[in-house]
Amino acid sequence: MTLRVDLKLIAEWIAAGSDVLDLGCGDGALLAHLRQARDCRGYGVEIDDGHVLECIRTSVNVVQADLESGLRMFGDDMFDVVVLSQTLQAMHNTEGILREMVRVGRQGIVSFPNFGHWKHLLSLTGGHMPVTPQMPYQWYDTPNIHLCTPKDFEILAAKLGFAITGRALLAGGQPVAWAPNLRATLALYRFEGR
Amino acid sequence: MTAPGSVGIVTPQTMRFEEPLPLASGASLAAYELMYETYGELNAARSNAVLVCHALNASHHVAGHCEGQDKSLGWWDNMVGPGKPVDTNRFFVIGVNNPGSCFGSTGPMSVDPASGRRYGSRFPVVTVEDWVNAQARLADRLGIERFAAVMGGSLGGMQALSWTLQQPRRIAHCVAIATTPKLSAQNIAFNDVARTAIQNDPDFHGGDFYEYGVKPRRGLGVARMIGHITYLSGADMAEKFGRLLRHKDYGYSFGIEFEVESYLRYQGDKFADYFDANTYLLITRALDYFDPARAHGGDLVRALAGAEAKFFLASFTTDWRFAPARSREIVEALIANRRDVAYAEIDAPHGHDAFLMDDPRYHRAVAAYFDRIGREVGA
């Protein structure tokens, strides 16, 4: 089973034996990988019926729930790591979910598409909202309502009092060294609440 | 000829227990009998047994038909059978009628060996925990050391949950659907109205109506009408009946004018034909009393700390009797205890009754979970 590239990197950031909460866990691939490769124990939260079914099939712990209603089910500091991969940009209550992540977990990890990518800028220069393989939606049907750039995210993290403990800006699954704010398609951050 | 997916014609069996069953109340049940049915084959390793616990008005007859009775389809036949979510080609499934019920196991209609008269009002109050103890004895006699799963919906789910606390080593998986860790004040209130209707029926005779050759049919019917309302969603009733009238126009009378009235009366009458009033009191009381957190200062997390099973829970969005939030309380406490759990919240229109319905999303989830159980236990 090949793991999505951002999930592979996220997995590398998670210490062996961690208790992990994966928000918007999809088919449970990250949790299944962490269980097998890093001896982690984890729970996923997922709203989609099909994905929940996949989790059940692969014996991944899963709770069917809507993240927008928060993480009330989970107590303070219950997890070592709370993951939110490629979902932040689709959340209505962006600040709320980030605060909840550091409440229920010691560390948070998020990944999101970089809206500042040069192709997006080009698209906008040509008068259109960007449509890319990573975000293949038209402006009127996109679930991605809170798009941002790495810098934008860091400003919000600072406002929320988070300490950023890890950052990776990627294109094609590889770290981008030169002009990452323009060339990275995906941003990953690890943080702790203060 | 057996219909595909059906366990076919089934024959109930009786197991007699001579040793009295001590009860939570301090009383005990003298020698008693349990009715049960089984479907599928127990494998050589005895690892594929599944116990199905019934709710308020059901019985040991979970699946299939009884010989010569066309209308005798088991109450969870859409769930249990060859190729069904609980696949009897893989699992050995047991349905058992709980003591206190009225479908053949020892209950208020049975003759009390001490007096030679029917138990009636003298049948002891039984709890979910008492039922689990009785079920465990049946498992002993059937040679089942450990269940692959104990499953149930509603009150049946309470029994499955209680198994994980009373017999943590004897249950690998708990499958609890549309259930709750305890009744709310509103739930108890509905039960109280139902019981009051029965107790106030002049034909009830304090529970000893058998001796008078009568039955508190009106009270039992009203009890069923109330219960039935709580099993359906408002939207479901609106869609089924709306404000449909039985006749063209209002009759300006207090007879049955609306379709929903007709439906409820029919349900009440039908129920009064086959159900026992004392059993209704007993079972609703068992519902009221169930509260495993009570012995732990109301702390469900502590109550579930002793559970070793893995869990599957499901709830239905339109169930207002045991709403999804009640299942989430259990899930929350399980996660706090780091227990394995899968929880599906099914978007279904049929209220509490949805757990008995043939909903593809619901059945796919249960089937997937039982497939996993099968892989784990070698079924």
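The structure we're discussing is the one just above.
Quick caveat: nothing in here was measured; it's all calculated off a predicted structure.

1. Topic: the environment of A:Ile47
Logical step 1: Here A:Ile47 shows up in the loop between β2 (41–46) and α3 (49–57).
Logical step 2: When the C-alpha positions of A:Ile47 and A:Thr58 are compared, they lie 17 Å apart, and in sequence the two are 11 residues distant.

2. Thoughts on unusual backbone geometry
Residue and element names in this part refer to chain A.
Logical step 1: With phi around 55 degrees, Asp 39 is a residue other than glycine that occupies positive phi space.
Logical step 2: One non-glycine residue with positive phi stands out, namely Ala 179, at about 50 degrees.
Logical step 3: Residue position: Ala 179 is located in the loop between β7 (174–175) and α7 (180–183).

3. What about the environment of B:Glu261?
Residues and elements named next belong to chain B.
Logical step 1: Mapped onto the secondary structure, Glu 261 falls in helix α6 (residues 259–274).
Logical step 2: Glu 261 gets classed as partly exposed once you look at its relative accessible area, which sits at 27%.
Logical step 3: Put simply, Glu 261 and Gly 74 are 187 residues apart on the chain and 27 Å apart in space, counted from C-alpha to C-alpha.
Logical step 4: In contact with Glu 261, other than residues within four places in its own chain, are Gly 255 and Ile 256.

4. Notes on the side chain of B:Glu257
Residues and elements named next belong to chain B.
Logical step 1: Here Glu 257 is to be found in the loop between α5 (234–240) and α6.
Logical step 2: One buried charged residue, Glu 257, remains without a salt bridge, the closest side chain of opposite sign being Arg 243 at 9.1 Å.
Logical step 3: A distance of 2.8 Å separates a polar side-chain atom of Glu 257 from the backbone nitrogen of Gly 251.
Logical step 4: What Glu 257 contacts, discounting residues up to four positions off in sequence, is Leu 244, Leu 245, Arg 246, Asp 249, Tyr 250, Gly 251 and Tyr 252.

5. Here we look at helix α2 (residues 155–166) of chain B
An α-helix turns once every 3.6 residues. As a result, residues three or four positions apart point the same way.
Residue and element names in this part refer to chain B.
Logical step 1: In this model, α2 (12 residues) spans 16 Å end to end at C-alpha, consistent with the 16 Å of a helix rising 1.5 Å per residue.
Logical step 2: Counted residue by residue, α2 has 10 buried out of 12 residues, so it is predominantly covered.
Logical step 3: Buried residues of α2: Leu 155, Gly 156, Gly 157, Met 158, Gln 159, Ala 160, Leu 161, Ser 162, Trp 163 and Thr 164, and no others.

Parameters and conventions
Just so you know, the residues in each chain are numbered from 1, in the order the chain's sequence is written. Think of it this way: whatever chain is written first is A, whatever ligand is written first is 1, and the rest follow in order. In keeping with the predicted nature of the model, local features appear solely for residues at pLDDT of at least 70, side-chain atom pairs appear and are counted solely at 80 or more, and the whole-chain, interface and lining totals rest on all residues. The basis for every side-chain value is the complete set of heavy atoms in the structure, and neither hydrogens nor water enter the calculation. Strands are runs of DSSP state E lasting at least 2 residues, helices are runs of H or I lasting at least 4, and numbering of each runs from the N terminus. The rule is simple: take the accessible area with a 1.4 Å probe, protein chains only, and divide by the maximum for that residue type; under 20% is buried, over 50% is exposed, in between is partly exposed. The contact rule is simple, with two residues in contact once any of their heavy atoms fall within 4.5 Å. Just so you know, the count uses Lys and Arg for positive and Asp and Glu for negative, and it drops His and the chain ends. Take a side-chain nitrogen of Lys or Arg and a carboxyl oxygen of Asp or Glu: if they are within 4 Å of each other, that pair is a salt bridge. Nitrogen and oxygen atoms within 3.5 Å of one another constitute a polar contact, given that in protein one can donate a hydrogen and the other can accept it, and given that sequence-neighbouring residues count only through two side-chain atoms. Helices are assigned an expected span. That span is 1.5 Å times one less than the residue count.

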